[in-house]
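Spelled out, the chains give:
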Amino acid sequence: MTRQPEVLAPDALHHVSFTVNGAAYEIDVPARRLLSDALRHDIGLTGTHVGCEHGVCGACTVLVDGRPMRACLLLAVSVQGASLTTVEGLTESGDRLGPVQQAFKECHGLQCGFCTPGFLTTITAGLRDNPDPTEEEAREMVAGNLCRCTGYQNIVKSVLRAAEIGREGGTAEAGGGEA
Amino acid sequence: MKPAPFSYVRPSTLDEALAVLAADPHAKVLAGGQSLVPLLSMRLAQPSTLVDINGLPELAYVRTDKDGVRIGALARHADVEADVDAWRAQPLLRQALRLVAHPTIRNRGTTLGSVVHADAAAEMPAVVSLLGGTVLVASVDGRRTIDAADLFAGPLESTLATKEVALELQVPALGARTGSAIDEVTRRHGDYALCGVAALVSVSEKGAIETVRASYLSVSLTPLVLDLSEAFADGTASEANLDAAVEIATAGVDPETDIHATADYRRHLAGVLTRRVVRDAYARAVAPDPEGAR
């Protein structure tokens, strides 16, 4: 019979390494630490917002190896070795806004701003898959994110405007952060 | 919200994972975690140990041959949904996966995990039941396959033993002259369905309906499959026959009232959706071109 791997006590700390926005991090966290909390408390990147904490609101969405995922539905230990992009990683060099951020600014895509980080990461990945969405596709793209202020109309406009900025060139590659 | 403390192991071989599961009856397997992590955070589940299989990338596959589609335990919904071969072989997979939560959830959640999570309000258990799929499971004692008909014991309860891990979902290819369809009604886009129905319709070479089967979600404690064939005795999809099928469906489901919908409303939806998906599946079964059938 196979050797059973060592099972640490529930309160033991696990050594986890991953990259966030291109920078390498190593943290020691208990197994139950959610990725959303690890980003905010252990790493100090508070741009990722925590809303419902059970996967419904989308505010904590980050890119894991380029794909949008809910940080509150991931254990930090489970993303060992992954390449993460948070909202902080969407800014272009010289603190210039990325195309999605620029579009949100131009189209008033935010009011209180609490949900915005999740929208920005989701749309960044969405436009990478579909750089020229129809309005309906733009709506579908943000359907998994809740906003209590805007009524969504200006967010949909922002998606379409971000696609336009991307097509105008220059800033289309924003927000990747990983190879 | 914080999960209660648990031990965590990330095995690098399947045998290691099986050894931990055999040693600890309160251990739980973590794959995508899109259902499990909320249960942990809300402390509805408090396993002693989580066995994270994300360190077993050999389980991340979607393989298609003439018999059907085989989906490994780490294949994400998004991978299965995007797989063109899988779609050609069994279009109901993609049709149904598009209704599973939101793309962000489908990027992490696994199709097999959704099946063995055994939620009768979820799409994949209903689809696997309708298609007659099987699940390959492993433990330290060996491997076995479980037919979908024997897989669902109750709400959120599958017939996997605590020492077992689900390795592979096997789904048969769509039969000749057969069409599939699925639809559901939700309060909000991407929510759990108030009611959902998937259907398979098979026709003869002359286009006459031979068999009609439908699977229901959110209207029973475990996935419910009904044979509606008797409503189509004359082989046509006439309104009278669809009426008869709706009658079988509404009599056959056993929904419950909750804060989202009354039992009567869910039963009504089961009828409305039965008519809709049987009509769509029939149109695909008789479609002249293979793409139209999908």
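Residues numbered from 1 in each chain as written. Chains lettered and ligands numbered in written order. Predicted model: local features only at pLDDT ≥ 70, side-chain atom pairs only at ≥ 80, totals over all residues. Heavy atoms only, no water.

We now examine the sheet that holds strand β2 (residues 27-30) of chain B. Residue and element names in this part refer to chain B. Taken in spatial order, the 3 strands make up an open sheet running β1-β3-β2, and their pairing is parallel. Every interior strand has two partners, whereas the edge strands, β1 (7-9) and β2, have only one. For this sheet the average axis-to-axis angle between neighbouring strands, irrespective of direction, equals 25°. With respect to the sheet, helix α1 (residues 14-23) is in contact with β1, β2 and β3 (49-52), its orientation differing from that of β3 by roughly 165°. (Pairing = 2+ DSSP bridges. Helix = DSSP H or I, 4+ residues; strand = E, 2+ residues; numbered from the N terminus. Axes fitted to C-alpha atoms, helices over the stretch in contact; angles between N-to-C directions. Contact = heavy atoms within 4.5 Å.)

Here the focus is the pairing of strand β2 (residues 23-30) of chain A. All names here are of chain A. Relative to β2, strand β1 (residues 13-20) is paired through 8 bridges, and the arrangement is antiparallel. Paired with S17 across the bridge in β2 is E26. Remark: 2 residues form the turn of the hairpin made by β1 and β2, two consecutive strands paired antiparallel; N21 in that turn has positive phi of roughly 55°.

Residues and elements named next belong to chain B. Pairing in this open sheet of 4 strands is antiparallel, and the strands run β11-β12-β13-β14 from one edge to the other. Strands at the two margins of the open sheet, each flanked by one partner only, are β11 (178-186) and β14 (224-227). Pairs of neighbouring strands in the sheet enclose a mean axial angle of 15°, with direction left out of account. Pairing of strand β12 (residues 193-203) with strand β13 (residues 209-217) involves 8 bridges; the strand directions are antiparallel. Bridged to A199 within β13 is A214. Across the sheet, helix α8 (residues 123-131) lies against β11, β12, β13 and β14, angled at about 155° from β13, the strand it touches most. Against the sheet, helix α9 (residues 239-252) contacts β13 and β14, and its axis sits at roughly 145° relative to β14.

When its volume is computed, the second largest pocket comes out at roughly 950 Å³. Along its surface, the second largest pocket is lined by 30 residues, and E140 and M141 of chain A together with E81, P103 and R106 of chain B are the ones closest to its centre. Mapped by element, the contributors of at least two residues to the lining of the second largest pocket are β4 (67-70), α3 (116-129) and α4 (135-141) of chain A together with α3 (77-82), α6 (103-106) and β11 of chain B. Per element, the largest residue contribution to the lining of the second largest pocket is 5 residues, and it comes from α3 of chain A. Within the lining of the second largest pocket, the residues separate by chemical class into 8 nonpolar, 12 polar and 10 charged. (1 Å grid on protein atoms, 1.4 Å probe; cavity = no way out; pocket = protein on both sides within 12 Å on 5 of 7 lines; lining within 4 Å. Points joined across faces, edges and corners; volume = space filled by probe spheres on them. Nonpolar A, V, L, I, M, F, W, Y, C, P; charged D, E, K, R; others polar.)

On to the interface of chain A and chain B, then. Contacts between the two partners involve 35 residues from chain A and, on the opposite side, 38 residues from chain B. Taking both sides of the interface into account, the surface hidden between chain A and chain B amounts to around 3100 Å²; carbon and sulfur atoms contribute 60%. The largest per-residue losses of area from chain A upon contact with chain B belong to R32, R67 and L73 of chain A, which jointly make up 20% of the total buried on that side. Across the chain A-chain B interface, the total number found is 3 salt bridges. A salt bridge links D37 of chain A to K2 of chain B; the nearest nitrogen and oxygen atoms lie 3.1 Å apart. For the pair chain A and chain B, the number of links is 11 residue pairs in polar contact (both at pLDDT 80 or more). Broken down by element, the residue count for the side of chain A that touches chain B peaks at 4 residues, all from β4 of chain A. Here the side of chain A that touches chain B is composed, by residue class, of 17 nonpolar, 10 polar and 8 charged. (Buried area = accessible area lost by both parts, 1.4 Å probe. Salt bridge = Lys/Arg side-chain N within 4 Å of Asp/Glu carboxyl O. Polar contact = N/O pair within 3.5 Å; in protein donor to acceptor, adjacent residues only side chain to side chain.)

Once that is clear, we can look at the environment of G271 of chain B. With respect to the helices and strands, the residue G271 of chain B is situated in helix α10 (residues 263-285). Excluding residues that lie within four positions of it along the chain, G271 of chain B makes contacts with V246 and T250 of chain B.

On to the pattern of salt bridges. Residues and elements named next belong to chain B. Applying the stated criterion to the full structure yields 25 salt bridges over all chains. Measuring nitrogen to oxygen at the nearest pair gives 2.9 Å for the salt bridge that ties E81 to R106. With E81 in helix α3 and R106 in helix α6, this pair connects stretches of sequence that are 25 residues apart. Among the ionic pairs, D264 bridges to R267, the shortest N-O distance being 3.4 Å. Linking D264 with R267, this pair stays in helix α10, spanning 3 residues, or about one helical turn. Overall, the relative accessible area of 58% leaves D264 in the exposed class. (Buried < 20%, exposed > 50% of the residue type's maximum accessible area, 1.4 Å probe, protein only.)

This part covers the environment of Y265 of chain B. All names here are of chain B. Assignment of secondary structure puts Y265 in helix α10. Take Y265: its relative accessible area is 32%, and that puts it in the partly exposed class. In sequence terms Y265 and P255 are 10 residues apart; their C-alpha atoms lie 9.1 Å from each other.

With that settled, the discussion passes to the nonpolar core. Counting residues in each nonpolar core, the largest one holds 52 residues, and the members touching the most others are I71, V115, M124, V135 and L169 of chain B. Those residues in contact with I71 of chain B that sit more than four places away from it in its chain are Y61, V62, V80, L93, T111, L112, L167, E168 and L169 of chain B. Grouped together as the second largest cluster of nonpolar side chains are 34 residues, I43, L45 and C72 of chain A together with V37 of chain B included. (Core = buried A, V, L, I, M, F, W, Y, C linked by side-chain atoms within 4.5 Å.)

Residue and element names in this part refer to chain A. Partitioning chain A into structural domains gives domain 1 (13-89) and domain 2 (93-168). For domain 1 versus domain 2, the separation of C-alpha centres amounts to 21 Å. Listed as interface residues are 17 residues of domain 1 and, on the opposing side, 14 residues of domain 2. Here domain 1 and domain 2 share an interface that buries about 1100 Å² over both sides, 61% of which is from carbon and sulfur atoms. (Domains from an automatic or database assignment.)

Looking now at the confidence of the model for chain A. Scored by pLDDT, chain A has a mean of 93; 93% of the residues are at 70 or more. Counting interchain partners and residues more than four positions distant, the pLDDT-below-50 stretch residues 172-179 of chain A has 21 contacts. (pLDDT = per-residue confidence, 0-100.)

Together, M1, M42 and L44 of chain B give the surface a local cluster of nonpolar side chains, amounting to about 280 Å² of exposed area. Mapped onto the secondary structure, L44 of chain B falls in the loop between α2 (36-41) and β3. (Patch = residues over 30% accessible without salt bridge, like charges linked within 9 Å, V, L, I, M, F, W, Y side chains within 5 Å. Areas by Shrake-Rupley, 256 points an atom, 1.4 Å probe, with all protein chains shown as cover.)

What follows covers the packing of α3 of chain A against helix α5 (residues 153-168) of chain A. Residue and element names in this part refer to chain A. Running from N to C, α3 and α5 point in directions that differ by 45°, and their axes come no closer than 11 Å. Judged on the interaxial angle alone, α5 and α3 are oblique. The interaxial crossing formed by α3 with α5 has right-handed handedness. Seen from α3, the contacting residues are F119, I123 and L127; seen from α5, they are I155, V159, A162 and A163. Looking at the contact of α3 with α5 residue by residue, the classes come out as 7 nonpolar, no polar and no charged. (Parallel < 35°, antiparallel > 145°, perpendicular 65-115°, else oblique. Left-handed = near helix turned anticlockwise from the far one by under 90°.)

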